[in-house]
Amino acid sequence: MDLVRYTLRRVFLSAFVVVGVTFLVFVVAQVVPSDPAALYAGPRPTAEQIAKARVTLDLDAPLPQRFVSFATAMGTGDFGVSYKSRRLISQDLRVYLPATLELAIFSTFLALLLGIPAGVIAAARRGSWLDRIGSLGSILSVAMPTFFFAMLLQLVFSQWLGILPLAGRLSQQISISDPLPFLTGFNLIDAVTAARPAVFLDALAHLILPALTLAAYPAGIAMRLTRAAMIEILARRHIVAARALGLSAPRILFGHALPNAVGPALTVIGLSFAYALTGAVLVEIIFAWPGLGRYVSEAILSKDFPVIAAATLVVTLCYVMMNLVIDLTQTLVDPRVALT
Amino acid sequence: MRCATVKGASAVTLLEIQGLSVTIPSALGPVQAVRSIDLCIARGEIHGLIGESGCGKTMTGMALLGLTPAYAQVAARVIEFDGVDISNSAADLRGRRIALISQDPAAALNPVLTIGRQMDDVLRTHSSNSKAHRAATAVALLAATGLADAPQLMKRYPHQLSGGMQQRVVIAQALATGADFLIADEPTTALDVTVGAQVLALLRKLVVDRGLTVLMITHDMDVVAAVCDRATVLYAGLSVETGPASAILTHPRHPYAAALLAALPDAAPRGQRLAAIGGQIPPSTETISGCAFSPRCPAVMALCHTMSPPARGAGNHRWLCHLAQCAP
Amino acid sequence: MSAFVRRLGFGGTLCLALIVTFALLALFAPWLSPYPDQGMGTPNVIAKLKPPAATFWLGTDHLGRDVLSRVIFGARVSMSAGLLIVAFSLLIGLPVGLLAGYFGGWVDEALMRITDVFLAFPALLLAVLLAAALGPGLLNSIVAVAVTWWPWYARMARAEVLVLRGQPYVEAASVMGVSQARIAIRHILPGAARPLLVQAALDVGPALLTASSLSFLGLGVLPPTADWGKMVDEGRKFFPDRWWVAAAPGVAIFLLALAFSVLGDALRNREGGKRRDTT
């Protein structure tokens, strides 16, 4: 019963947040810029062109009405037309969103893979050299500017060692001469469904550096949180009790202590997913990754507000959904959460 | 090895400890959590380990389980379990021959794992039976601790159970290890009085039915009266009196044991003040000269402050005191 | 002095020294930089992309300007961006949190739902959208980041107020008839502000990182003003062959952010220790 009520409340709040987010994006994209009509009308517009644009964009309608039509359009997937390219934004999103999600999901995965075991080991072997290196790494990762770290990784792994591609999502010979059929937009998945292992590996190789860039900071956080949580958990009485029952050390560490740390781990998923979505704007430029981030940063230069607004909204919705799923998972994993 | 029992006859000794000490280094100098404890427990008995908080009860239990902190130094002249010296191998017996029933069952169970999973984790550690077989064993053990509807219970989480049920699960886990010696650390403190009584009755029944031996760590004389066959009284990390529970409860020999009994509410006649024990336990960082209880003893004599008290009594009832006869 | 070092720890003191150095460089940039005019943007086309040497310690950029001078002048922008973002955010977040925590009820509910909406955005993305809408410029980018930043302080202030309101001395003051406004200002504000200021010190690093990210995207200062984020972006075209153009400002951002974060940690530990002592 509590679980049901908690779930309903959580879903309701998320719905409210979605409306609020839409409103905020509407205000910033349509009300704050000085004259959207001039932007829409193109370079050096005539007064007549601007007047026409005002009608097209419905700028003279009262604000509430404009918001309702904006929200309705967004809700139905009609994101409008790019000022610059005049292409349908929804079509662009279909290509760019999966690219960004693929990067974000993979980097989240990478962050957990690096951070959580490191945190567990650091907690189990407190004060060891591994603990120290991990702590140092997590302090450094907090201060490292994403865009600069990306360049350093390119320098080391691509220029010096030459083991990973410098940029892009697929090698030229594949993307130009023999492109993947567009199915999900996730290259890794599309390569599997098309049964092309070479393409899969190529996509993976291109994914590693940008994902690593985005994973560094969340991995540091993941390690810190996991370490702190595990140290606290390992001192609990039920761990002493488990030891008194003769359970083996690995079973206690992974079977009994780690499930108690799922809370912090889930928190890290949300955090690192958000970080990846955010950092995509920076990282995608540097790695020439054809995703939403690069789409947005190009739109910034041309003041293409419908594009920026649509991309911001879509990415934020992904993030809100992700948080909702994480919160509800939290209650499944630890049934006490819903009670509080 | 023979050990005195209640009836005065001899029975097989399960645990024999002489001069157990646990020292923990600290910034203020070594802390003597346990100074010198002798303990002799016969197979099949419930042996009470009585004392105030800070007297070394729990640390003694932890030492027997090999669960003292890594930096603690454990030493003993004799420490034998079932006739075998275990001074270096206490941890090997942990969860095989010796199991712990801890104080607060809510804290002793993992909050995020089901009862079934926690039972199974113990069973798979100690046997190579199939999963189905283990599940059946788990249900049987839960039922044996008096839990109704054990199959349903397997799917529940600890927080969905009452304190009494949680403690029964903890006992079932201890049974699942196959241990024949249980260390029960204040198993009823966290429970309501009536529920506590039921848990004690269960332990008594298990001792009879399964031939278990229990070390009952407690500060509560009522618990001793309810279930213990024999008991040892601790004071400041020292065992000061040991004997049949009935003898200690009715004719305590050591002044401290006498004072503990007198402090019980129903020991004092109505309308009279309770006999509180004045003063405090000596700090565990101090070395004791003479008798540890001398600063608080109502029958203190001059030599109590300077000379260690001699061992008195014979057979199954012994104590450490300068008084030749009996406590006041 | 030695007591001071002991309180902050060795790392904390070192970081404080680093921050003070950057602050002094920023303040006295026109006198401390070797080529002040280039630091302020005057091109020097005869010496384009020269590697580090005796004349140009950190080399020159694509317009022949001394990178060291540009980095020193850039410290002005990064320092003030980091501090102003946090200051603006506190200015909005603290009152909102105080109001929500103090009045409770529907005021609390309404204000907290508003913070929910702001926190639902991946932070940099909202800042990018806002900065783009406001147009380029340092102040605009600072405002854009602060708008995404304040809800954290509002949440934190609210939590502190809720704790403080339950304290016996606050309840006692209320029982004795001290006016509500007076209680809020005399008892609650100072107590709630303290942990927030520590958090703010901890946030200067991330704030200047975010500001430099915006600048990297072309949403910060206008040319020819020197700014680290922008300099990394400009240097990217010549990276890694002419690594110094991007490396120097990149390392500067890293060092300053690191210094603020380690110093903040040291402050927080000290504060934590102090709090434990009083309770």
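You'll find the structure just up there.
Keep in mind the model is a prediction, meaning the values are calculated, not measured.

So, how was this worked out
- Residues numbered from 1 in each chain as written.
- Chains lettered and ligands numbered in written order.
- Predicted model: local features only at pLDDT ≥ 70, side-chain atom pairs only at ≥ 80, totals over all residues.
- Heavy atoms only, no water.
- Contact = heavy atoms within 4.5 Å.
- Helix = DSSP H or I, 4+ residues; strand = E, 2+ residues; numbered from the N terminus.
- Buried < 20%, exposed > 50% of the residue type's maximum accessible area, 1.4 Å probe, protein only.
- Buried area = accessible area lost by both parts, 1.4 Å probe.
- Salt bridge = Lys/Arg side-chain N within 4 Å of Asp/Glu carboxyl O.
- Polar contact = N/O pair within 3.5 Å; in protein donor to acceptor, adjacent residues only side chain to side chain.
- Patch = residues over 30% accessible without salt bridge, like charges linked within 9 Å, V, L, I, M, F, W, Y side chains within 5 Å.
- Areas by Shrake-Rupley, 256 points an atom, 1.4 Å probe, with all protein chains shown as cover.

Observations concerning the arrangement of the chains
Line of reasoning, step 1. There are two pairs of chains in contact here, and the one with the most contacts is chains A and C.
Line of reasoning, step 2. Nowhere do chain B and chain C come into contact; their C-alpha atoms are at least 19 Å apart.

A closer look at the side chain of Thr213 of chain A
All names here are of chain A.
Line of reasoning, step 1. With respect to the helices and strands, Thr213 occurs in helix 10 (residues 197-234).
Line of reasoning, step 2. With relative accessibility at 2%, the residue Thr213 sits in the buried group.
Line of reasoning, step 3. Each residue touching Thr213, except ones within four places of it in the same chain, is listed here: Thr146, Phe149, Ala150, Leu153, Val283 and Phe287.

Some words on the interface of chain B and chain A
Line of reasoning, step 1. Chain B puts 28 residues into the contact, and the matching count from chain A is 20 residues.
Line of reasoning, step 2. Taking both sides of the interface into account, the surface hidden between chain B and chain A amounts to around 2,000 Å²; carbon and sulfur atoms contribute 60%.
Line of reasoning, step 3. Ranking the residues of chain B by area buried against chain A places Pro111, Val112 and His159 of chain B at the top, with a combined share of 24%.
Line of reasoning, step 4. At the junction of chain B and chain A, the tally comes to one salt bridge.
Line of reasoning, step 5. Across the salt bridge formed by Asp121 of chain B and Arg251 of chain A, the nearest N and O atoms sit 3.9 Å from each other.
Line of reasoning, step 6. Inspection of the region where chain B meets chain A yields eight residue pairs in polar contact (both at pLDDT 80 or more).
Line of reasoning, step 7. Every element with two or more residues in the side of chain B that touches chain A is listed here: strand 8 (98-101), helix 3 (105-108), helix 4 (115-126) and helix 7 (163-176) of chain B.
Line of reasoning, step 8. Per-element accounting of the side of chain B that touches chain A gives the leading share, six residues, to helix 4 of chain B.

Observations regarding a nonpolar patch on the surface
Line of reasoning, step 1. Residues Val31, Val32 and Leu63 of chain A together with Leu134, Leu139 and Val143 of chain C make up a contiguous nonpolar surface patch of about 440 Å² in total accessible area.
Line of reasoning, step 2. For Leu134 of chain C, the position within the fold is in helix 6 (residues 123-134).
Line of reasoning, step 3. The partly exposed category is assigned to Leu134 of chain C, whose relative accessible area is 33%.

Note that all results are geometric; they support no functional claim without further evidence.
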